[in-house]
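Structural description and commentary
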Amino acid sequence: DEVELIIKHTCWLRDHGVPTPAPLLLRTCGERMLVKDNLAWMLMPFIDGGWLPSDSSSLYELGRVQAELHGVPVHESIPTTFAIGYTLWEKLVKDARKGDSMTPFLEQLEKETHLLKQRIPMDLPRGIIHGDLYPDNVIGREGEVLALLDFEEICVESLAMDLVTTY
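My aim in this report is to walk through the structure given alongside it, one point at a time. (Residues numbered from 1 in each chain as written. Predicted model: local features only at pLDDT ≥ 70, side-chain atom pairs only at ≥ 80, totals over all residues. Heavy atoms only, no water.)

Along the protein chain, the regular secondary structure elements total 5 helices and 7 strands. Ordered by position from N to C terminus, the α and β elements of the protein chain give α-β-β-β-α-α-α-β-β-β-β-α. Here the C-alpha coordinates of the protein chain stretch approximately 55 × 45 × 30 Å along the principal axes. Per-residue burial for the protein chain yields a buried fraction of 34% across its 167 residues. Counting contacts in the protein chain only where the partners sit at least 6 residues apart, residues at least 24 apart contribute 69% of the total. Surface summary for the protein chain: the accessible area is close to 10,800 Å², and the carbon and sulfur share equals 58%. Computed over 15 positive and 27 negative side-chain charges, the inter-centroid distance for the protein chain is 4 Å. (Helix = DSSP H or I, 4+ residues; strand = E, 2+ residues; numbered from the N terminus. Buried < 20%, exposed > 50% of the residue type's maximum accessible area, 1.4 Å probe, protein only. Contact = heavy atoms within 4.5 Å. Areas by Shrake-Rupley, 256 points an atom, 1.4 Å probe, with all protein chains shown as cover. Lys, Arg positive; Asp, Glu negative; His and termini not counted. Charge placed at Lys NZ, Arg CZ, Asp CG, Glu CD.)

Pasting the structure below:
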């Protein structure tokens, strides 16, 4: 179910102009995924490029492509909770307190989460975010983004959160 949802979101983004590869349609079943031995299998198109360089023209292009992603209309199946944001942090602290395994890092995370919630306005512009747009999730070459990869953390969240994560 999760793989099917990722495929749906990836195709939605690609259909709205975001450079991301969609799994190929399989001739045998007309689907983009095949389940064999309870594992999901997909065939992805090859993209001839490497990791995006960090020169100014490449980073400018990444910002432009990310802005296009942020402008894509929200599909109703895209989650509205950032899985690796506040929800995860609060769960980590709660589980540690419950299991009597708090650490200095988790204590700091708890304090920082509280401060962030106080200081970051709740009414910042929201839209579709990638969630973990790190260098290993971008295929490109100097001055050109060829593909964004790995939309497992896609959600509707503050666009600033995505910019900070990417930065």
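Tallied over the entire structure, the rule returns 1 aromatic pair. Between Y86 and W89, the ring centres sit 5.6 Å apart and the planes meet at 90°, which makes this aromatic pair edge-to-face. Highlighted residues: Y86 and W89, both in helix α3 (residues 86-98), separated by 3 residues, approximately one helical turn. Under the relative-accessibility criterion, Y86 is labelled partly exposed at 21%. The ring of Y86 carries the charged tip of K117 above its face, separated from the ring centre by 5.1 Å. (Phe/Tyr/Trp six-rings, centres within 6.5 Å; stacked < 30°, edge-to-face > 60°. Lys NZ or Arg CZ within 6 Å of the ring centre and 35° of its normal.)

Right, let's talk about the layout of surface pockets for a bit. By volume, the largest pocket amounts to about 420 Å³. Breaking the lining of the largest pocket down by element, the ones donating at least two residues are α3, α4 (104-119), β7 (155-158) and α5 (159-166). Of all the elements, α3 adds the most residues to the lining of the largest pocket, at 3 residues. Residue composition of the lining of the largest pocket, by class: 10 nonpolar, 5 polar and 3 charged. (1 Å grid on protein atoms, 1.4 Å probe; cavity = no way out; pocket = protein on both sides within 12 Å on 5 of 7 lines; lining within 4 Å. Points joined across faces, edges and corners; volume = space filled by probe spheres on them. Nonpolar A, V, L, I, M, F, W, Y, C, P; charged D, E, K, R; others polar.)

In this section: the side chain of H130. Topologically, H130 is positioned in the loop between β4 (126-129) and β5 (138-141). Among the polar contacts listed, one links the side chain of H130 to the backbone nitrogen of D132, at a separation of 3.1 Å. (Polar contact = N/O pair within 3.5 Å; in protein donor to acceptor, adjacent residues only side chain to side chain.)

Here we come to α4. For the α-helix, the turn length of 3.6 residues means that residues three or four positions removed from each other point alike. With 16 residues, α4 should cover 22 Å at 1.5 Å per step; its first-to-last C-alpha distance of 22 Å lies within 8% of that length. When we look at burial in α4, the residues that qualify are L106, L109 and T113. Projected down its long axis, α4 carries its buried residues within an arc of 50°, all on one side. Exposed and facing more than 90 degrees away from the buried side of α4 are P104, K111, Q118 and R119. (Expected span 1.5 Å × (residues − 1). Arc of directions from axis to C-beta.)

Their axes nearest at 11 Å, the elements helix α2 (residues 56-70) and α5 cross at an angle of 155°. Between α2 and α5, the crossing angle belongs to the class labelled roughly antiparallel. Viewed along their axes, α2 and α5 form a crossing whose handedness is right-handed. Between α2 and α5, the contacting residues are L62, Q66, L69 and H70 on the first element and L159, D162, L163 and T166 on the second. Here the contact of α2 with α5 is composed, by residue class, of 4 nonpolar, 3 polar and 1 charged. (Axes fitted to C-alpha atoms, helices over the stretch in contact; angles between N-to-C directions. Parallel < 35°, antiparallel > 145°, perpendicular 65-115°, else oblique. Left-handed = near helix turned anticlockwise from the far one by under 90°.)

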